[in-house]
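Summary of the model geometry
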Amino acid sequence: MPIKTSHKIVVVGAGLMGTGIAHAFAASGFPTALVDMNADALEKSRLNITNILESGVQRGKIAEAESSAAKKRLVCSTELEKSATGAHLLIETVSENLDLKQRIIKQAEPLLAPDAIIATNTSALSVTEIATACKSPERLIGMHFFNPVHKMKLVEIVLGLATDEMTLDNTRAYSDAIGKTSIVVSESPGLTTSRMSAMMGNEAMYMLQEGIASAEDIDTALRMGFNHPMGPLELGDLTGWDTRLSVLHYLHKTLGEKFRPCPLIIKMVAAGRFGRKVGHGVYKYEDGKKVQNSGLKASNI
Ligand SMILES: NC(=O)c1ccc[n+]([C@@H]2O[C@H](COP(=O)([O-])OP(=O)(O)OC[C@H]3O[C@@H](n4cnc5c(N)ncnc54)[C@H](O)[C@@H]3O)[C@@H](O)[C@H]2O)c1
């Protein structure tokens, strides 16, 4: 079944990610339904999508006519059954909970178009396990988007044990149609992105702990030497060291010794220095802006 822009898309979960995903499909010409059980979340999401579209017009990225056509293509609803009926692609992006995701898929699957794809935006749950809720597990696949969706180009497509070729081909085609670059990865802990990013952040912390270089110099090395837009310590501050530590614990448990969390991360989390969101991580932040001096002294590490 070749994909067409007349295909109906249903995005379930109007949070941070669902908002960005629904915007991407509506702006790319697809009739898009965005579903959430919470009417306030839906209204907030609709306003955010309107803001993204209108700021696109102001910055000359899209024409006024395209922006209003995209707004018309988007329907926000609290009714899953009505929205899922006849849809060709369902993307679930509700909260990270296996039972919840499976419940939604079970409810929606019988209503979808024949051969429809069911995609999950899970960050860490097993796509294979989510697919056990399906009558046709070969049609379930992971579409892992990145935040903020309207700026981040990548979609990691995740194959479960049963995912078939047609589902993969069509998922790639949908990703292309919304202007994303997709990569394909077999289900595995941390996929490619979280696994690589956790490894780099951990290694950078070991370097800091060993006194090999200052925090600023480690970050500058990666920015200037490898053209990374951010250094690994700045990125850890942005992601949050508490989140980083829980990912590292999981990767250590599943993939082994090379992911053992650096003791300095454990110490920072114990001290409540989670990063930018609390104003203090490796660096200090004032009014959301980085204060250059990291304030970490060798004697404290
Ligand atoms: N936040 C990120 O950076 C990120 C990145 C990639 C993937 N993810 C994954 O995307 C998913 C969503 O993450 P998020 O950050 O957008 O979460 P979020 O908390 O912002 O949004 C989740 C939404 O799901 C809705 N919801 C919960 N139960 C529902 C139900 N029964 N029916 C309909 N809607 C329901 C909630 O009302 C909420 O609006 C998670 O699986 C997460 O792991 C998140």
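As a starting point, this report considers the structure included with it. This one's a predicted model, so the numbers in the text were calculated from it and none came from an experiment. (Residues numbered from 1 in each chain as written. Predicted model: local features only at pLDDT ≥ 70, side-chain atom pairs only at ≥ 80, totals over all residues. Heavy atoms only, no water.)

1. Some remarks on the site of the ligand
Every one of the 22 residues lining the ligand counts as a neighbour, but Met17, Asp36, Glu96, Lys101 and Ser123 are closest to it. Contact between the ligand and Leu16: an oxygen atom at 3.0 Å from a main-chain N or O atom of the residue. In this structure, an oxygen atom belonging to the ligand sits 3.4 Å away from a main-chain N or O atom of Val94. Protein burial of the ligand: of its 840 Å² of free accessible surface, 75% is covered by the chains. (Near = heavy atom within 4 Å. Polar contact = N/O pair within 3.5 Å; in protein donor to acceptor, adjacent residues only side chain to side chain. Areas by Shrake-Rupley, 256 points an atom, 1.4 Å probe, with all protein chains shown as cover.)

2. Details of the pairing of strand 5 (residues 117-120)
Of the two faces of strand 5, both are covered, the one formed by Ile117 and Ala119 as well as the one formed by Ile118 and Thr120. Of the pairings in the sheet, the one linking strand 4 (residues 89-92) to strand 5 comprises 4 bridges and is parallel in character. Following the sheet pairing, Leu89 is matched in strand 5 by Ile117. With helix 5 (residues 98-108) bridging strand 4 and its parallel neighbour strand 5, the resulting β-α-β unit is right-handed. In terms of strand pairing, strand 5 meets strand 6 (residues 140-144) through 3 bridges, oriented parallel. Paired with Thr120 across the bridge in strand 6 is Gly142. (Buried < 20%, exposed > 50% of the residue type's maximum accessible area, 1.4 Å probe, protein only. Helix = DSSP H or I, 4+ residues; strand = E, 2+ residues; numbered from the N terminus. Pairing = 2+ DSSP bridges. Right-handed = clockwise from strand over helix to strand, strands pointing away.)

3. Considering the pattern of salt bridges
A side chain of one charge can pair with a side chain of the opposite charge if their charged atoms are brought near each other. Counted under the stated rule, the structure contains 8 salt bridges. Across the pair Asp242 and Lys277 runs a salt bridge whose closest N-O atoms are separated by 3.1 Å. In this pair, Asp242 sits in helix 11 (residues 241-255) while Lys277 sits in the loop between helix 12 (263-270) and strand 9 (284-286), placing the two residues 35 residues apart along the sequence. Of the residues examined, Asp242 reaches a relative accessible area of 24% and is grouped as partly exposed. (Salt bridge = Lys/Arg side-chain N within 4 Å of Asp/Glu carboxyl O.)

4. Notes on unusual backbone geometry
With an omega dihedral of -5°, the bond running from Asn147 to Pro148 counts as a cis peptide bond. Of note, Pro148 is situated in the loop between strand 6 and strand 7 (154-159). Here the phi dihedral of Leu191 falls at roughly 45°; this positive angle occurs in a residue that is not glycine. Mapped onto the elements, Leu191 comes out in the loop between strand 8 (181-186) and helix 8 (193-209). Given the relative accessible area of 9%, Leu191 is considered buried. Here the phi dihedral of Asn227 falls at roughly 60°; this positive angle occurs in a residue that is not glycine.

5. Overview of the nonpolar core
Counting residues in each nonpolar core, the largest one holds 29 residues, and the members touching the most others are Ile21, Phe25, Leu34, Leu89, Ile91 and Phe145. With 6 residues, the top contributor of residues to this core is helix 1 (residues 16-27). Setting aside anything within four residues of it in sequence, one finds Leu89 in contact with Lys8, Ile9, Val10, Phe25, Ile117, Ala119 and Tyr174. Of all hydrophobic cores here, the second largest spans 23 residues; its members include Ala84, Ile104, Leu140 and Leu191. (Core = buried A, V, L, I, M, F, W, Y, C linked by side-chain atoms within 4.5 Å. Contact = heavy atoms within 4.5 Å.)

6. Regarding helix 5
Regarding helix 5, the residues found buried are Lys101, Gln102, Ile104, Ile105 and Ala108. Burial along helix 5 is one-sided: seen end-on, the buried residues are contained in an arc of 160°. What points out from helix 5, more than 90 degrees from its buried face, is the exposed set Asp99, Arg103 and Lys106. Each element contacted by the buried residues of helix 5 is listed here: strand 1 (9-12), helix 4 (80-84), strand 4, strand 5, helix 6 (127-130) and strand 6. (Arc of directions from axis to C-beta.)

7. What about the packing of helix 10 (residues 232-239) against helix 11?
Packing of helix 10 against helix 11 brings their axes to within 6 Å, and their N-to-C directions diverge by 100°. By the criterion of interaxial angle, the relationship of helix 10 to helix 11 is roughly perpendicular. Facing Pro232, Leu233, Leu235, Gly236, Asp237 and Thr239 of helix 10, the residues of helix 11 in contact are Trp241, Thr243 and Arg244. Per-class residue counts for the contact of helix 10 with helix 11 are 4 nonpolar, 3 polar and 2 charged. (Axes fitted to C-alpha atoms, helices over the stretch in contact; angles between N-to-C directions. Parallel < 35°, antiparallel > 145°, perpendicular 65-115°, else oblique. Nonpolar A, V, L, I, M, F, W, Y, C, P; charged D, E, K, R; others polar.)

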